Amino acid sequence: MSKTIRQRASDLEKKRKDSDKSLGSDNDLENLVISQECYRKYGMKLKKVELAAKSRAELLQTLSDANVEISNLIASLGDKSYKSIPDKTSGTIKEQLSAIAPALEQLWQQKEKRVQEFSGVQSQIQKICEEIAGGLSNGPLVVDESDLSLKRLDEYKSKLQELHKEKSDRLNKVLEFVITVHDLCAVLGLDFLSTVTEVHPSLAEVYVQNKSISNETLLRLVETVLTLKEDKNQRLKKLQELAAQLTDLWNLMDTPDEKKQPFDHVTCNMSASVHEVTVSGALALDLIAQAEVEVDRLDKLKASRMKEIAFKKQTKLEEIYARAHIEIKPEVVRERIMSLVDSGNTEPAELLAQMDSEIAKAKEEAFSRKEILDRVEKWMSACEEESWLEDYNLNRYNASRGAHLNLKRAEKARILVSKITAIVDTLVAKTWAWEEDKGMSFEYDGVPLLAVLDEYTILRQEREEEKRRQKPHTEQDSAFGSKPNPARPISAKKHVGTSLTIRRLSMNGNKSKRDSFNKPTSPSNLGAVAKKDAAASSVVASS
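Residues numbered from 1 in each chain as written. Predicted model: local features only at pLDDT ≥ 70, side-chain atom pairs only at ≥ 80, totals over all residues. Heavy atoms only, no water.

Observations regarding the overall build of the protein
Part 1 of the reasoning: The secondary structure content of the protein amounts to 17 helices and two strands.
Part 2 of the reasoning: Looking at the protein as a whole, 34% of its 543 residues qualify as buried.
Part 3 of the reasoning: Considering only residue pairs separated by 6 or more positions, the protein has 78% of its internal contacts joining residues 24 or more positions apart.
Part 4 of the reasoning: Total accessible area on the protein stands at roughly 33,600 Å², and carbon and sulfur atoms take up 54% of it. (Helix = DSSP H or I, 4+ residues; strand = E, 2+ residues; numbered from the N terminus. Buried < 20%, exposed > 50% of the residue type's maximum accessible area, 1.4 Å probe, protein only. Contact = heavy atoms within 4.5 Å. Areas by Shrake-Rupley, 256 points an atom, 1.4 Å probe, with all protein chains shown as cover.)

Structure (structure tokens):
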């Protein structure tokens, strides 16, 4: 239509130009006016048509833009099955726009709501991430509006849930570390608040949720706990060393319990493990300093009482040798101790350390002799029972009180006496083995034990031979009805054989007990060993 109007207007314009060329009459002028009026009216019509066409084109563009916007919103929201959009392609453009406008508005509202949800979730995620990172900002929050689907929202919510769990776990770890720091500070006597404030100021706050959970805070907490634990180990080790020194000094100087009591909090942890020390202030620096002062004081006191302490150690050493039946002479050692202490040429600590070493060696030597000494005691006990049994056999026909008890003892004594030979053989074998291992003679109160055992064996054989010789006479007396004389021993030599050896050992044992407080420290270091006179032993044996 607009094309036809334009054609007519073009024809009129052409005629007007032709008329201008041939103008010359009134009719031509009138025709010109008419043609101009027609041109004006057709021009106005043309403008209206152009405006309508332009308006229609704009409406079509708006409708197209609305449809594209709806498609984009549906794609962004991820709801491809959206049912609120009317499927209307007929009617005027305005009717079509009016039909889809509500759906478009609804989609816009839904998008705004979805953006708010994304923003809320992402802001929480960003906040927790910043807390974990130690407050480092990741920049302004930007919501990607190209994907606002529920699937994407659920992914963010899942991530947020994981971050909440991680935050909870981190917070629990922080609280555990804080509690550990509190306990360690209590034991070490340190200020807890200042310690955790150095790690992070928020750790000193009461409200739990305000505490820092950053990687740096956790790392510094771990370092603080390790440092405090190392301090605890070092202090406990130092305190235990001081406690051991205090105990040794107290034992040396016989310190009364009332003077030890102020340091019970020190000695109570002497054998405790690091995990067992939980009392508040148990490892405080002032407590350790107090113990150090006391150790220094006792060390100085020990120096002034060195002679008394040294003699006490020497007495202990002599008692060990006495129990082990090792015969020594103590006079030389005691004189040497007095001269060393009086001269002041020897450090007290060195002298005591040397004596402690000798005591340790004496204990070790006594332990190596224990098995043999136990068998010697068993042998001597069996010999005593044998002697008693002989006396009992001589007087068994005399009625006396407690005869039934003696009868029971006699039965046990016979069993024990029957084992004497085996006891002696075993004792000889053990002694030989000991001497082979040590490369030295085993002496019992200064007498070689093997020599004593050999002497005892010879005397026992002689006694057995004497018994066999007297047996026919005993049987002859019994045949004539005579009774043994209780006042007459069966064999004088028999008694001598058994009792001589025992008596010599017993005499040496008594002598060692009398001399137990007069022995030197060691046969090799602190005094010469006084050996028994072999000639005197021979005299005793022959007598």
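Next comes the rest of the account.
Let's talk about the packing of helix 12 (residues 348–394) against helix 13 (residues 403–417)
Part 1 of the reasoning: Close contact between helix 12 and helix 13 brings their axes to 9 Å; oriented N to C, the two are set at 130°. Taken together, the axes of helix 12 and helix 13 are oblique relative to one another. As for how helix 12 packs across helix 13, the hand of that crossing is left-handed. Taken together, the residues of helix 13 that come into contact with helix 12 (itself represented by Ser 381, Ala 382, Glu 385, Glu 386, Trp 388, Leu 389, Tyr 392 and Asn 393) are Asn 406, Leu 407, Arg 409, Ala 410, Ala 413, Arg 414, Leu 416 and Val 417.
Part 2 of the reasoning: Grouping the amino acids of the contact of helix 12 with helix 13 by side-chain chemistry returns nine nonpolar, three polar and four charged. (Axes fitted to C-alpha atoms, helices over the stretch in contact; angles between N-to-C directions. Parallel < 35°, antiparallel > 145°, perpendicular 65-115°, else oblique. Left-handed = near helix turned anticlockwise from the far one by under 90°. Nonpolar A, V, L, I, M, F, W, Y, C, P; charged D, E, K, R; others polar.)

Concerning the packing of aromatic side chains
We describe a pair of aromatic rings using the distance from one ring centre to the other and the angle between the two ring planes.
Part 1 of the reasoning: Taken as a whole and judged by the stated rule, the model has five aromatic pairs.
Part 2 of the reasoning: Between the aromatic rings of Phe 118 and Tyr 156, the centroid separation amounts to 5.7 Å while the plane-to-plane angle is 80°, which identifies the pairing as edge-to-face. Placement of Phe 118 in helix 3 (residues 93–133) and of Tyr 156 in helix 4 (residues 150–188) is noted, with a sequence separation of 38 residues between them. An identical accessibility class is assigned to Phe 118 and Tyr 156; each is buried.
Part 3 of the reasoning: The ring of Phe 442 has Arg 369 lying over it, and the distance from NZ or CZ to the ring centre is 4.0 Å.
Part 4 of the reasoning: Here the basic side chain of Arg 409 rests over the ring of Trp 388, its NZ or CZ set 4.1 Å away from the ring centre. (Phe/Tyr/Trp six-rings, centres within 6.5 Å; stacked < 30°, edge-to-face > 60°. Lys NZ or Arg CZ within 6 Å of the ring centre and 35° of its normal.)

Considering the pattern of salt bridges
Part 1 of the reasoning: Taken as a whole and assessed by the stated rule, the structure comprises 19 salt bridges.
Part 2 of the reasoning: Across the salt bridge formed by Glu 318 and Arg 334, the nearest N and O atoms sit 3.3 Å from each other. Of this pair, Glu 318 sits in helix 10 (residues 306–323) while Arg 334 sits in helix 11 (residues 331–343), and the two are 16 residues apart along the sequence.
Part 3 of the reasoning: Here the salt bridges share partners, and the residues they tie into one network are Glu 386, Glu 390, Arg 460, Arg 463 and Glu 464. (Salt bridge = Lys/Arg side-chain N within 4 Å of Asp/Glu carboxyl O.)

Focus: the environment of Glu 465
Part 1 of the reasoning: Checked against the element boundaries, Glu 465 lands in helix 15 (residues 449–479).
Part 2 of the reasoning: Take Glu 465: its relative accessible area is 35%, and that puts it in the partly exposed class.
Part 3 of the reasoning: A polar contact is formed between the side chain of Glu 465 and the side chain of Arg 468, at a distance of 2.5 Å. (Polar contact = N/O pair within 3.5 Å; in protein donor to acceptor, adjacent residues only side chain to side chain.)

A closer look at the side chain of Arg 235
Part 1 of the reasoning: Residue position: Arg 235 is located in helix 6 (residues 215–253).
Part 2 of the reasoning: Despite its burial, Arg 235 pairs with no opposite charge; the closest candidate is Asp 231, at 5.4 Å N-O.
Part 3 of the reasoning: Apart from the residues within four sequence positions on either side, Arg 235 is in contact with Leu 188, Leu 190, Leu 283, Ala 284, Leu 285 and Ile 288. (Lys, Arg positive; Asp, Glu negative; His and termini not counted.)

Topic: helix 4
Along an α-helix, a turn takes 3.6 residues, which lines up residues three or four apart on a common side.
Part 1 of the reasoning: The terminal C-alpha atoms of helix 4 lie 56 Å apart, and with 39 residues this matches the ideal 57 Å at 1.5 Å per residue to within 8%.
Part 2 of the reasoning: Where helix 4 terminates, the next one or two residues include Gly 189, which has phi positive at roughly 75°. (Expected span 1.5 Å × (residues − 1).)

Brief notes about helix 13
Part 1 of the reasoning: The end-to-end C-alpha distance of helix 13, which contains 15 residues, comes to 20 Å, matching closely the 21 Å that a straight helix rising 1.5 Å per residue would cover.
Part 2 of the reasoning: Restricting attention to buried positions, one finds in helix 13 the residues Ala 410, Ala 413 and Val 417. Around the axis of helix 13, the buried residues are gathered within 65° of arc, so they sit on the same side. Exposed residues on helix 13 whose side chains face more than 90 degrees from its buried face are His 404, Leu 405, Lys 408, Lys 412 and Ile 415. (Arc of directions from axis to C-beta.)

As for unusual backbone geometry
Part 1 of the reasoning: Here His 325, not a glycine, exhibits a phi torsion of approximately 55°, which is positive.
Part 2 of the reasoning: You can see His 325 is positioned in the loop between helix 10 and helix 11.
Part 3 of the reasoning: Backbone geometry at Asp 445 places phi at a positive 55°, although glycine is not the residue there.
Part 4 of the reasoning: Positionally, Asp 445 belongs in the loop between strand 1 (443–444) and strand 2 (447–448).

Some words on the nonpolar core
Part 1 of the reasoning: Judged by nonpolar contacts, the single largest core of 59 residues is most densely connected at Val 174, Val 181, Leu 203, Leu 246, Val 266, Val 277 and Leu 283.
Part 2 of the reasoning: Among the elements that make up this core, the one with the highest residue count is helix 6 (13 residues).
Part 3 of the reasoning: Apart from residues no more than four positions distant in its own chain, Leu 203 is found in contact with Val 174, Val 178, Val 196, Lys 211, Ser 212, Thr 217 and Leu 221. (Core = buried A, V, L, I, M, F, W, Y, C linked by side-chain atoms within 4.5 Å.)

In short, shape yes, function no, at least from these values alone.
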